[in-house]
Amino acid sequence: MARNKANLWGYLFITPQLVGLLFFSLIPLLYAFYLSFTEWSGFGGTTFIGITNYIEQMNNPDFWKAMVNTIYYMVLVVPLGIAIALVLAVALNKVKGKEIYRVFFFMPVVTSSVSVGVIFMWILNGDFGILNELLSYVGITGPHWLTDPRWVIPSIALLSIWWGLGYNMVIFLAGLQGISKSYYEAAEIDGANALQKFRHITLPLLTPTTFFVTIMTIISSFQVFDQAFVMTNGGPAKASYTIVFHIYDQAFVDFTMGKSASAAMILFVIILILTLIQFKLQKRWVFYGE
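A. Quick peek at the packing of aromatic side chains. Using the criterion set out here, one finds 20 aromatic pairs in the structure. With a centroid separation of 5.6 Å and 45 degrees between ring planes, the pair formed by Y241 and F245 is classed as tilted. A single burial state applies to Y241 and to F245, both of which are buried. Ring centres 5.7 Å apart and planes at 45 degrees place the aromatic pair Y248 and F252 in the tilted group. Taken together, the positions of Y248 and F252, both in helix α12 (residues 243–252) and four residues apart, correspond to about one turn of that helix. On the accessibility criterion, Y248 (26% relative accessible area) is partly exposed. The structure contains a cluster of three or more aromatic residues connected by ring pairs, namely F225, F229, Y241, F245, Y248 and F252. Between K238 and the ring centre of Y241, over which it is positioned, the NZ or CZ distance is 4.7 Å.

Structure, rendered in structure tokens:
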């Protein structure tokens, strides 16, 4: 009887999350899947057209342009963002007042994307931006970061790395604090130096944390939109036109909801496949210890 009552309380506490998952994730996902097979302007009725929207996406150069830009962005953000967050977490793990540092580094994470985008528009301005001004002091002429097609994706990646650094750093700090000190004490007895301890103890025991951070960073990289929308509006010449920007354009600019839904479903499948591949490959490099 007591166990049934405890289970009832458990179900009661998870009900809000389940309701939110159902109405804000699962039902919209299923409806988007249905819309991807229809022609709909957002008003009036829908017309079923089969896989036509998917065929048009495969033949749409804007779709492939957006996909290439998104992959380029992901290649920049994922390894650099994770590496910097890891190094920073290790550096802050044993310093005094690390709680204060956590707050400072985590503050950008809870800052509005629009605010961050506007600030970086000023920092990266090619004519009077702070970054180019600092580069000029060391004899470097900075490019037009947000108007040069060669630099616009790296510029947005720079913003995203800074913006998400605090989140990944806090996750890594939690992982570091879960590593038993006995491993390091045993290594010190064997004469291991700091680099050897980091390589043979910290990195292997942090692989579960690294695995989680990698998955989350890849997913968020494929969903990049706010930064490109605020800072460049997808330009110049669609050099920062990402896949979510493509979905937005087709839905709320062209009002072709079916095409937008088909692009969203393709993105969903890509993220799902990449995530499943990572779960499959984790057996080769993720060490959970004993």
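B. Looking closely at helix α7 (residues 152–177). For α7, spanning 26 residues, the distance from its first C-alpha to its last is 38 Å, which sits close to the expected 38 Å at 1.5 Å a residue. Most pronounced at L165, the bend in α7 amounts to some 45 degrees.

C. Representation of the layout of surface pockets in the model. Counted as a void, the largest pocket has a volume near 620 Å³. Forming the boundary of the largest pocket are 22 residues, of which L29, A32, I247, A264 and M265 lie nearest the centre. Mapped onto the lining of the largest pocket, the elements with two or more residues apiece are α1 (2–35), α12 and α13 (257–285). A per-element tally of the lining of the largest pocket places α13 first, with nine residues. Residues that form the lining of the largest pocket fall into these classes: 20 nonpolar, two polar and no charged.

D. How the structure looks around the side chain of T202. Mapped onto the elements, T202 comes out in helix α9 (residues 194–205). The residues contacting T202, other than those within four sequence positions of it, are L176, I179, Y184 and K197.

E. Structural view of helix α5 (residues 113–123). Along α5, the positions that sit buried rather than exposed are S113, V116, G117 and F120. The buried residues of α5 occupy one face: seen down the axis, they fall within an arc of 100 degrees. Where α5 is buried, its residues meet α7 and α11 (226–231). The backbone nitrogen of V114 lies 3.2 Å from a side-chain oxygen of the residue at the head of α5, namely S112.

F. Structural context of the packing of α5 against α7. Contact geometry of α5 with α7 gives a least axis separation of 11 Å together with a crossing angle of 130 degrees. The orientation of α5 relative to α7 falls into the category oblique. By crossing handedness, the relation of α5 to α7 is classed as right-handed. Across the interface between the two elements, S113, V116, G117 and F120 of α5 pack against L159, W162 and W163 of α7.

G. A look at the nonpolar core. Of all hydrophobic cores here, the largest spans 49 residues; its most connected members are Y73, F172, I179, F222, I243 and L267. Excluding residues that lie within four positions of it along the chain, I243 makes contacts with F63, A66, M67, T70, F222 and L267. Formed by eight residues, the second largest nonpolar core is a distinct cluster that contains V116, W145, L146 and L159.

H. Just the environment of W163, in detail. Along the chain, the position of W163 falls in helix α7. W163 sits in the buried class, given a relative accessible area of 18%. Put simply, W163 and V19 are 144 residues apart on the chain and 30 Å apart in space, counted from C-alpha to C-alpha. At a separation of 2.6 Å, a polar atom in the side chain of W163 contacts the main-chain carbonyl oxygen of P108.

I. Quick peek at the packing of helix α10 (residues 207–222) against α13. With their axes 11 Å apart at the nearest point, α10 and α13 run at an angle of 165 degrees to one another. Relative to α13, the element α10 is oriented roughly antiparallel. Of the two possible hands of crossing, α10 and α13 adopt the one that is right-handed. Seen from α10, the contacting residues are T207, T210, F211, T214, I215, I218, I219 and F222; seen from α13, they are L267, I270, I271, L274, T275, Q278, F279, Q282 and W285. Of the residues belonging to the contact of α10 with α13, the class tally is eleven nonpolar, six polar and no charged.

J. Representation of unusual backbone geometry. Cis peptide bonds are those with omega within 30 degrees of zero, and the linkage from G235 to P236 qualifies with -5 degrees. Relative to the helices and strands, P236 resides in the loop between α11 and α12. Unusually for a residue other than glycine, A237 sits at a positive phi of about 55 degrees. For A237, the position within the fold is in the loop between α11 and α12. Not every positive phi belongs to a glycine, and F255 is a case in point at roughly 55 degrees. Of note, F255 is situated in the loop between α12 and α13.

The rules we used
- Residues numbered from 1 in each chain as written.
- Predicted model: local features only at pLDDT ≥ 70, side-chain atom pairs only at ≥ 80, totals over all residues.
- Heavy atoms only, no water.
- Phe/Tyr/Trp six-rings, centres within 6.5 Å; stacked < 30°, edge-to-face > 60°.
- Buried < 20%, exposed > 50% of the residue type's maximum accessible area, 1.4 Å probe, protein only.
- Helix = DSSP H or I, 4+ residues; strand = E, 2+ residues; numbered from the N terminus.
- Lys NZ or Arg CZ within 6 Å of the ring centre and 35° of its normal.
- Expected span 1.5 Å × (residues − 1).
- Bend = angle between axes of the 7 residues up to and from the residue.
- 1 Å grid on protein atoms, 1.4 Å probe; cavity = no way out; pocket = protein on both sides within 12 Å on 5 of 7 lines; lining within 4 Å.
- Points joined across faces, edges and corners; volume = space filled by probe spheres on them.
- Nonpolar A, V, L, I, M, F, W, Y, C, P; charged D, E, K, R; others polar.
- Contact = heavy atoms within 4.5 Å.
- Arc of directions from axis to C-beta.
- Polar contact = N/O pair within 3.5 Å; in protein donor to acceptor, adjacent residues only side chain to side chain.
- Axes fitted to C-alpha atoms, helices over the stretch in contact; angles between N-to-C directions.
- Parallel < 35°, antiparallel > 145°, perpendicular 65-115°, else oblique.
- Left-handed = near helix turned anticlockwise from the far one by under 90°.
- Core = buried A, V, L, I, M, F, W, Y, C linked by side-chain atoms within 4.5 Å.

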